[in-house]
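Analysis of the macromolecular model
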Amino acid sequence: MEQQPQNNASRICPRGASYYIWREGDTLSSLAQRNSISARDIESFNPEIPFQSITAGTEICLPARVITSQQEGPVLDGTAQDDNTVTPGMPLPPIVPTRPSQPCPIGYTTQRVQAGQTYADLLINLNVSYKAMRNANPTLRPGAMTAGALYCAPPAGTRETCSGRRSYTIEDGDNLTAIARRLNTTTGRLLMLNPTLLPTDFSQPGFVICIP
């Protein structure tokens, strides 16, 4: 299997994967063909890498070659690095992202999916909307949760993602006008940044709003 290990690699690859430095002339399909794996496998191990615009020198994780076995399911070819020993014929471990697929918005925290947790459990425990969770974690699949996967946890009460902006949690006594005055902005600006909220929602303690 073609690979280019790096002793001082900055990426942390999941078990069963090795490091590879993208070269001039590489394409996703050619790299997959050279290593007897699928392009989808490579994308799955690198959810945050924009392969349409990837540049030479970018470090990626390259999954081990999948070979045919009489037992059910794919197996690894036995290639491994460091202390992640893989025995030939060992079932392919589930892919667990080592970081969220994109940087977490300001005010969000990085957390891990716990064993047995469902997508609904996350929404209930965090008290956030489905839209906010999906916008912040586009590769976290509601129907296929993997224990150990990292995700961006919105602040409690978040209804949408404040992409690239700050957020504010409404407190007792707040209202649209008071918040605008405190932040030295306008009521119209706040309503534009929070298109799903009613003006009266800005008086609801616990709501998380996007602010300039």
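Placed above this text is the structure.
1. A closer look at the packing of aromatic side chains
Under the criterion given, the structure shown has two aromatic pairs. A centroid spacing of 5.7 Å and a plane angle of 55° characterise the contact between Trp22 and Phe51, whose relative ring orientation is tilted. Of this pair, Trp22 sits in the loop between strand 1 (17–21) and helix 1 (28–34) while Phe51 sits in the loop between helix 2 (39–45) and strand 2 (59–63), and the two are 29 residues apart along the sequence. Taken individually, Trp22 and Phe51 each receive the classification buried, so the pair is uniform in this respect.

2. A word on the side chain of Thr158
Along the chain, Thr158 falls in the loop between strand 6 (150–153) and strand 7 (166–169). A polar side-chain atom of Thr158 sits 2.5 Å from the main-chain carbonyl oxygen of Pro155. Thr158 has contacts with Tyr108, Asn127, Val128, Ser129, Ala132 and Val208, leaving out every residue within four places of it along the chain.

3. A short note on the environment of Thr110
Inspection of the secondary structure puts Thr110 in strand 5 (residues 109–112). On the basis of relative accessibility, which here comes to 47%, the residue Thr110 falls in the partly exposed class. Taking the C-alpha atoms as reference points, Thr110 and Cys152, 42 residues apart in sequence, are found 4.8 Å from one another.

4. Things to note about unusual backbone geometry
One non-glycine residue, Ser36, adopts positive backbone phi at about 60°. Structurally, Ser36 can be placed in the loop between helix 1 and helix 2. For Asn184, which is not a glycine, the phi torsion comes out positive at approximately 60°. Relative to the helices and strands, Asn184 resides in the loop between helix 5 (176–182) and helix 6 (187–193).

How each quantity is defined
- Counting from 1, residues in each chain are numbered in the order their sequence is written.
- Per-residue local features are limited, in this predicted model, to residues with pLDDT of at least 70; the limit for side-chain atom pairs, both in listing and counting, is 80 or more; totals at the level of whole chains, interfaces and linings are taken over all residues.
- Note that the side-chain values use all heavy atoms of the structure and ignore hydrogens as well as water.
- Ring pairs shown here join Phe, Tyr and Trp side chains whose ring centres sit within 6.5 Å, with only the six-membered ring taken for Trp; geometry is labelled stacked below 30 degrees between planes, edge-to-face above 60, and tilted in between.
- Under the DSSP-based scheme used, a helix requires at least four consecutive residues in state H or I and a strand at least two consecutive residues in state E, with every element numbered from the N terminus.
- Exposure is judged per residue with a 1.4 Å probe applied to protein chains only, and the accessible area is read against the type maximum: over 50% gives exposed, under 20% gives buried, and values in between give partly exposed.
- Under this definition, polar contacts are N or O atom pairs within 3.5 Å; protein pairs additionally need one hydrogen-donor-capable and one acceptor-capable atom, and for neighbouring residues in sequence, both atoms have to be side-chain atoms.
- The contact criterion used is simple: two residues touch if any of their non-hydrogen atoms lie within 4.5 Å.

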